[in-house]
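Structure at a glance
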Amino acid sequence: MSYRARLRLCLGTDSEAIYRSLEAEARQRGPAKGVVKVGMDDGCVVLRIEARDLAGLRAITNSFLLLIHASLAAISGSATRGEERGLKDKSPH
């Protein structure tokens, strides 16, 4: 059995930059927890994640959401922009 998630993120003018950062990450060969495909649809970033178990799906999804948060913070020059979009910084630092 496999588990799947589809995320559609409409990030306005930041969508293209986020897409490029995610695409590069999705191409990296990591642990065999699952597969991530990244695309664009009508100006929005679309992530398709497939994992062999629910824990793997959660781990991959969390990793990509954290990467999106970090990318948004880098684009804006601060972490507050991600918070404005509803992304809370829960890092231990």
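Residues numbered from 1 in each chain as written. Predicted model: local features only at pLDDT ≥ 70, side-chain atom pairs only at ≥ 80, totals over all residues. Heavy atoms only, no water.

Within an unreviewed UniProt entry, the label attached to the protein reads Transcription factor Pcc1, and the organism entered is Aeropyrum pernix.

A look at the side chain of Ser15
The criterion, for reference: In this text, helices come from DSSP runs of H or I with a minimum length of four residues, and strands from runs of E with a minimum of two, each type numbered from the N-terminal end. Definition of a polar contact: a pair of N or O atoms within 3.5 Å, with one able to donate and the other able to accept a hydrogen when the atoms are protein atoms, and with sequence-neighbouring residues admitted only if both atoms are side-chain atoms. Should any heavy atoms of two residues lie within 4.5 Å, those residues are counted as being in contact.
Mapped onto the elements, Ser15 comes out in helix H1 (residues 15-27). Of the polar contacts made by the side chain of Ser15, one reaches the backbone nitrogen of Leu11; its length is 3.0 Å. Within the structure, Ser15 has its side chain in polar contact with the backbone oxygen of Gly43 (distance 3.0 Å). Every residue in contact with Ser15, bar those within four places of it in the chain, is listed here: Leu9, Cys10, Met40, Gly43, Cys44 and Val45.

A look at the state of the cysteines
Stated precisely, the cut-off is as follows: Cysteine sulfur pairs qualify as disulfides if the two atoms are within 2.5 Å.
One pass over the structure, following the stated rule, counts one disulfide. Two residues, Cys10 and Cys44, share a disulfide whose sulfurs are 2.0 Å apart. Negative torsions about the S-S bond denote left-handed disulfides, and the value of about 105° found for Cys10 with Cys44 makes this one right-handed. Placement of Cys10 in the loop between strand E1 (3-9) and H1 and of Cys44 in strand E3 (residues 44-51) is noted, with a sequence separation of 34 residues between them.

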